[in-house]
Amino acid sequence: MPLLVNGERIDLARPTGDLIRAYPHLEEKAKLLRSQPAQIVEPKGLLYVQQREFAVTTPKDGSVSVLGSDDATTCHIVVLRHTGSGATCLTHCDGSDTEAEVSLIMGSVKSFSNTTGYGRLEVHLVGGFNDDRQLSQKLTNQLLRAFDLQPDDVHLVTFCVTELNDREEKDIHFPIIYGIAVNVKTAEIFPATFPEKGPDEDLRSAHVLTGAPLTNIYDAKMEQLHIGPYFWRPFPHVDFWLEQDDKQILQETSHLQKKQGRVVGTGLFWQNLTWNQTPQQL
């Protein structure tokens, strides 16, 4: 079944600029979202989702009321919600395996929903900018196509990506929104920042750098956060990186930061790759 806007199937053969012009309300909604100041979301009731992670829950959850993620540059943050059950999924995509990831989050939301009854599946896409390598545009196209291939109707409600999330300063382009949160009780989506991104922020980042697939970090039925166990092969030359200061690491790994949409190069981050080089050490 197709990806829909206002009940009409999106023509993915056309450029995204044509999509914006065909449905001006998407641009207006993106403008409204961009105009909101980023809210600081404190840890209580928050489930923070890192890159290549996802979490799904429902309004009945007694532990989690907000799902959120940030540090997205070329990455996109995706919120998928069933309006009948209120089941809500948030994920942070980087284009590593978009079609499989979309199928995974679709299944996670449908497992909490009766898709043959009341309600519909709605998707919200936020992130990216007009980057030189066009990684954001590539990911936007991948996500649109992946949702269009799903067996269920999916309604595109928020489209604040790439050119609609871009600002220019001295001929350099930047994203406007780097992070969002969704209130699973009210369905409100808003720009957000997060003082706390744990638990185990650096360990989870190391998992991504070593090639992790998209991982579900939350059991909504048990209301339990699941971190690991993680497995990776010994990372080459990690001792060299541990000898560098943070500034040098950030300069030398800028290509990774651009690809992943977040800063990964700190001493503590690399220490995790040293302390946990084999599965037996986790």
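Residues numbered from 1 in each chain as written. Predicted model: local features only at pLDDT ≥ 70, side-chain atom pairs only at ≥ 80, totals over all residues. Heavy atoms only, no water.

Here we have five strands laid out as an open sheet, ordered 3-14-13-6-4, and mixed in their pairing. Edge positions in the sheet fall to strand 3 (39–40) and strand 4 (46–48), since each of these pairs with one other strand and no more. Relative to strand 14 (residues 189–193), strand 3 is paired through two bridges, and the arrangement is parallel. Bridge pairing links Gln39 to Ala192 in strand 14. (Pairing = 2+ DSSP bridges. Helix = DSSP H or I, 4+ residues; strand = E, 2+ residues; numbered from the N terminus.)

On to helix 2 (residues 24–35). Each α-helix winds once per 3.6 residues, and so residues spaced three or four apart point in a common direction. End to end, helix 2 covers 17 Å across twelve residues, agreeing with the expected 16 Å (1.5 Å per residue, within 8%). Burial in helix 2 covers these residues: Leu26, Ala30 and Leu33. When helix 2 is viewed along its axis, its buried side chains cluster within an angular range of 60° and face the same direction. Those residues of helix 2 that are exposed and aimed more than 90 degrees away from the buried face are Pro24, Glu28, Leu32 and Ser35. On its buried side, helix 2 packs onto strand 1 (3–5), strand 9 (121–127), strand 10 (154–161) and strand 14. (Expected span 1.5 Å × (residues − 1). Buried < 20%, exposed > 50% of the residue type's maximum accessible area, 1.4 Å probe, protein only. Arc of directions from axis to C-beta. Contact = heavy atoms within 4.5 Å.)

Take the packing of aromatic side chains next. Within this structure, the stated rule accounts for one aromatic pair. Plain terms: the ring middles of Tyr48 and Phe194 are 5.2 Å apart, the flat faces sit at 70° to each other, and that makes the pair edge-to-face. Here Tyr48, found in strand 4, pairs with Phe194, found in the loop between strand 14 and helix 5 (201–209); they are 146 residues apart in sequence, far enough to count as distant. Grouping residues by exposure puts Tyr48 and Phe194 together as buried. Just above the ring of Phe112 sits the side chain of Lys221; from NZ or CZ to the centre is 5.9 Å. (Phe/Tyr/Trp six-rings, centres within 6.5 Å; stacked < 30°, edge-to-face > 60°. Lys NZ or Arg CZ within 6 Å of the ring centre and 35° of its normal.)

So far we have only geometry, and geometry alone does not tell us how the molecule works.
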